[in-house]
Amino acid sequence: MFRNQSSLRRYANRFISRSSTALASLNRPTEIDVQELLKLLNNRPNGVLVAEDGVSEDLTRYNHDWTNQYKGNSRVVVRPQSTAEVSRILKYCNSRMIGVVPQGGNTALTGGSVPLDCEVVLSLEKMSDIHSLDPTTGILTCDAGCILQNLLDFAAAKDHLVPVDLGAKGTCQIGGNISTNAGGSFYFRYGSLHANVVGLEVVLANGDILDMGCTTANLKDNTGYDMKHLFIGAEGTLGIVTRAALLCPRLPPSRCTTLLACDSFDNVLNVLEIAKKSLGEILAAFEFIDGPAMNLVCQTQSKPLPLPASQDCPYYVLVESHGSCAEHDQAKMDKFLNILYEEDYVVDGVVAASLEQMNAMWYLRESCNPSCVSSGYVYKYDVSLPIPEFPRFVEELKEALNDRTFCSLDYFNWGHVIDGNLHCNVVCRGNFETNSSLRERIDRYVFEGVEKRGGSISAEHGLGQQKRKYMAKLHGSETLSKMYDIKRLFDPNRILNPGKYLPEDCR
Amino acid sequence: MKVLVGVKRVVDYAVKVRVQNKSVDLNNVKMSLNPFCEIAVEEAVRLKEGKHADEVVAMSIGPKQCTETLRTALAMGCDRAIHVTTDLRTDYMDLQPYAIAKIFEKVAEQEGTDLVLLGKQGIDSDCGQTGPMLAGFLGWPQVTFAANLEAKDGGIQVERETDAGTETINIPSLPAVVTCDLRLNEPRYATLPNIMKAKKKKVDTIAADSFGIDLEAHNEVLEVFEPPQRQEGIMVDDIDQLVDKLKNEAGVLA
């Protein structure tokens with residue numbers, strides 16, 4: 001707790017000086033609050049982590065996002081072990097008007113999972129039980145704090161697949177995946193979490209627990225408004241997801257993976273067309289990595305490029321098929337590769353001959369993000385665009401920024417090309433501090449570039465702190481007004497994840 | 001120099017195998033080229049690229065799906081392939097190293113092979129017996145666990161892995177049998193142009209029972225079982241709890 005009055009005062013001052021409108025109506029947690037929260041968790045050791053001046057629990061990992069772009073100041077982290085405890089904590093914080101930031105694995109990229117200042121962080125990390133996997137329906141029920149990799153392993157041991165898979169799977173939690181409506185690499189094949197979450201348990205700001213088809217999970221259920229969808233992708237601003245029922249498909253016994261090099265984006269589009277045509281229903285993933293990103297990954301991860309004949313190709317494509325019959329899939333894959341070869345759509349390509357080689361190919365793709373982050377400050381964008389527009393969008397951005405005002409910038413691009421989802425990264429190499437005028441400028445060009453192409457400025461990373469200011473431009477006042485109504489309905493005191501997602505309600 | 005290289009189709013090493021009916025369940029399981037055989041293929045192809053080998057022939061024993069595995073070897077650079085067909089399981093359940101070595105002996109003799117390159121073991125049965133038995137049947141010199149191989153004046157010089165370090169063995173003249181260890185090389189990926197070329201390469205098929213060799217299993221497998229599950233670790237909150245658990249649960253502290 002706070003050891004003396006002066007540290008408490010410093011703490012309070014910091015809060016006041018950094019408070020934003022989102023936090024203006026909220027209270028900072030006091031020592032008494034900490035005691036009360038501890039009581040709500042039955043005085044469990046480590047149930048509440050508190051930072052003190054000098055001797056402190058190091059709360060950095062709860063306060064900073066992994067890219068170190070968003071930094072909060074929270075000194076209180078609560079770690080409930082059950083839905084009932086989450087309910088008690090929220091009820092208390094709501095009555096005391098204390099802001100609460102729900103947090104999973106804290107792998108988000110738009111600052112949605114870290115506090116703005118001294119809100120209480122509610123970490124779901126101690127709620128990680130996997131309850132069941134029904135072998136006939138494939139419905140898996142688990143707590144929100146389950147790490148995605150653990151779920152994937154659990155499901156795989158029972159011959160199932162979790163319908164979301166992304167690079168951060170070793171750290172991210174399913175509750176966070178659901179709260180951000182995470183997409184990932186197999187979105188095309190298995191669909192969004194809106195399609196695969198069949199039940200959700202959520203705790204509202206006042207402590208009410210909503211069990212929306214979680215305890216009795218059905219594949220089909222048309223009774224009442226399907227409110228669970230409001231919480232999928234709401235980034236914890238309407239309630240905290242505590243449990244989920246997910247529909248898991250069977251693990252595909254046959255997987256084929258190939259990495260291809262293309263000399264133009266037109267050929268990437270050609271490969272995509274052939275993949276859709278000839279691989280058909282077994283096509284599971286179609287990702288692209290541009291040449292600079294691939295070189296950066298090979299450099300920072302000390303991996304040789306598996307395609308010896310394609311040094312400095314502008315585009316690389318990773319294609320994977322999932323099926324149930326190896327011979328059938330192999331025949332399709334052969335046909336696919338044959339066409340690519342005959343039509344000269346690819347410069348070179350390699351086919352994984354073992355699971356190890358498959359994993360090595362995915363490692364390259366999944367290392368894009370960490371490689372970028374380790375090389376400099378990343379201005380990261382996650383946009384939806386008409387697929388043929390990818391290269392022109394990037395070229396325009398480069399031209400717009402190429403006027404010597406800023407230090408030399410590098411551009412690394414990759415993404416789920418089949419979903420029209422481009423991850424566009426502008427990196428200030430060797431420089432790890434943000435430059436706000438540069439950020440504003442890139443923001444402007446990205447926004448304009450996306451807007452004129454009818455795309456989306458957030459395909460799958462969410463709004464968080466980074467993009468909420470655009471909401472008023474993206475949605476009509478009628479739509480936005482209903483969003484505020486919904487927010488008021490579930491969280492009238494606006495204690496849940498304040499300062500994220502929706503811009504301030506000015507009414 | 002004519003090189004014969006063994007290519008075994010095994011359960012992919014990244015697959016967690018399951019036991020059913022007293023054997024490893026092979027239904028719907030990803031099968032791949034045995035990693036040690038892959039290293040042998042890579043080494044054979046390098047001998048060819050270094051102009052030491054005139055021809056590299058890949059050979060596999062097993063069901064019809066072995067042609068896929070052979071295609072991988074051909075795409076890596078082997079010149080042609082021989083598929084010895086049999087529906088017997090090759091993971092020690094039916095066909096065992098003795099019979100496999102006998103088949104290799106016949107083929108090596110027919111082919112006029114100078115150097116047989118094999119993986120040091122199959123990762124399914126983990127026997128490591130085929131290479132040494134084959135050398136015995138043929139009466140050829142052998143080097144096992146090769147970590148480096150150089151063609152030298154009509155012979156080969158091989159560095160082999162031992163528990164104490166490496167041992168360098170010179171075989172002044174061929175023929176010889178060499179089994180390959182993990183550090184020998186890093187196998188290449190099969191590239192698309194080579195996969196296409198591989199489709200045109202010749203694969204001869206010979207039925208295993210046409211050699212007149214005794215294919216019976218002479219060793220009986222009594223039991224196959226999965227390793228006992230390890231209990232999951234737990235996180236302790238503090239040193240006191242750790243000491244308590246070490247004393248009262250693990251019994252390793254007095």
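Looking at an unreviewed UniProt entry, one finds chain B named Electron transfer flavoprotein subunit beta and attributed to Cylindrotheca closterium. Under the Subcellular location (unreviewed entry) heading, UniProt states for chain B: "Mitochondrion matrix".

Under an unreviewed UniProt entry, the name given to chain A is FAD-binding PCMH-type domain-containing protein, and the organism recorded is Cylindrotheca closterium. Under the UniProt heading Cofactor (unreviewed entry), the note attached to chain A is "FAD". Under the Sequence similarities (unreviewed entry) heading, UniProt states for chain A: "Belongs to the FAD-binding oxidoreductase/transferase type 4 family."

Novice: Just checking my understanding: could you explain the sheet that holds strand β12 (residues 315-323) of chain A for this structure?
Specialist: Across a sheet, strands are paired by hydrogen bonds formed along the backbone, either parallel or antiparallel in direction. The sheet built from 8 strands is open, its strands ordered β14(A)-β16(A)-β15(A)-β11(A)-β12(A)-β10(A)-β13(A)-β13(B) with antiparallel pairing. The open sheet has two free edges, formed respectively by β14 (376-384) of chain A together with β13 (190-191) of chain B, since each of these has just one partner strand. Two strands pair when backbone bridges link them, and strand β10 (residues 254-262) of chain A and strand β13 (residues 348-351) of chain A are joined in this way by 4 bridges, in the antiparallel orientation. Residue pairing across strands places Thr258(A) opposite Val351(A), the latter belonging to β13(A). Together, β11 (283-290), β14, β15 (410-416) and β16 (421-429) of chain A form the strand contacts of helix α15 (residues 368-375) of chain A, whose direction differs from that of β14(A) by roughly 145°. The strands that helix α16 (residues 390-401) of chain A touches are β11, β12, β14, β15 and β16 of chain A; relative to β16(A), the one it contacts most, it runs at about 25°.

Novice: Would you mind showing me how to read the confidence of the model for chain A here?
Specialist: Any residue range with low pLDDT should be treated as having predicted coordinates unsuitable for detailed reading. All names here are of chain A. This prediction gives chain A a mean pLDDT of 90; 94% of its residues lie at or above 70. Under a pLDDT of 50 for its full length, residues 1-5 has, in the predicted model, 16 contacts with residues more than four places off or in other chains. Scored below 50 in pLDDT, residues 8-19 shows 20 contacts in the model against residues more than four places distant or in partner chains.

Novice: I tried to follow the nonpolar core on my own but got confused; where do I start?
Specialist: Side chains that are nonpolar tend, in soluble globular proteins, to be buried together. Of all hydrophobic cores here, the largest spans 91 residues; its most connected members are Leu260(A), Phe286(A), Phe336(A), Leu115(B) and Leu117(B). A domain-level breakdown of this core finds at least three residues from each of domain 3 (254-366) and domain 4 (369-466) of chain A. Within the second largest apolar cluster, 61 residues are counted, among which are Val48(A), Val100(A), Ile178(A) and Val197(A).

Novice: Just checking my understanding: could you explain the interface of chain B and chain A for this structure?
Specialist: Across the boundary between the two partners, chain B contributes 23 residues, which contact 29 residues of chain A. Applying the counting rule to chain B against chain A returns 1 salt bridge. The interface formed by chain B and chain A holds 7 residue pairs in polar contact (both at pLDDT 80 or more) in total. Within the residue set of the side of chain B that touches chain A, elements represented by two or more residues are α2 (66-76), β13 and α5 (192-199) of chain B. With 5 residues, α5(B) is the largest single contributor of residues to the side of chain B that touches chain A. A per-class count over the side of chain B that touches chain A returns 9 nonpolar, 5 polar and 9 charged. The pairing of β13(A) with β13(B) spans 2 bridges and is classified as antiparallel. Residue pairing in the sheet places Val351(A) in a bridge with Ala190(B) of β13(B).

Novice: Whenever I open this one, the UniProt feature "domain: FAD-binding PCMH-type" (unreviewed entry) in chain A confuses me. Can you help?
Specialist: In this structure's numbering, the residues bearing the UniProt feature "domain: FAD-binding PCMH-type" (unreviewed entry) are residues 70-251 of chain A. Within residues 70-251 of chain A, the helical portion is 23% and the strand portion 21%, while the C-alpha atoms at the span's ends are 37 Å from each other.

Novice: Could you clarify how one ought to interpret the domain arrangement of chain A in this entry?
Specialist: By convention, interface size is frequently given as the accessible area that disappears when the constituent parts associate. Residue and element names in this part refer to chain A. Partitioning chain A into structural domains gives domain 1 (5-123), domain 2 (130-247), domain 3 (254-366) and domain 4 (369-466). Computed over C-alpha atoms only, the centres of domain 1 and domain 2 are separated by 25 Å. Between domain 1 and domain 2, the residue contacts involve 14 residues of the former and 15 residues of the latter. Summed over both sides, the interface of domain 1 with domain 2 buries roughly 1200 Å², with 67% coming from carbon and sulfur.

Rules used throughout
Residues numbered from 1 in each chain as written. Chains lettered and ligands numbered in written order. Predicted model: local features only at pLDDT ≥ 70, side-chain atom pairs only at ≥ 80, totals over all residues. Heavy atoms only, no water. UniProt positions renumbered as here; feature names shortened; annotations may be inferred. Pairing = 2+ DSSP bridges. Helix = DSSP H or I, 4+ residues; strand = E, 2+ residues; numbered from the N terminus. Contact = heavy atoms within 4.5 Å. Axes fitted to C-alpha atoms, helices over the stretch in contact; angles between N-to-C directions. pLDDT = per-residue confidence, 0-100. Core = buried A, V, L, I, M, F, W, Y, C linked by side-chain atoms within 4.5 Å. Buried < 20%, exposed > 50% of the residue type's maximum accessible area, 1.4 Å probe, protein only. Domains from an automatic or database assignment. Salt bridge = Lys/Arg side-chain N within 4 Å of Asp/Glu carboxyl O. Polar contact = N/O pair within 3.5 Å; in protein donor to acceptor, adjacent residues only side chain to side chain. Nonpolar A, V, L, I, M, F, W, Y, C, P; charged D, E, K, R; others polar. Buried area = accessible area lost by both parts, 1.4 Å probe.

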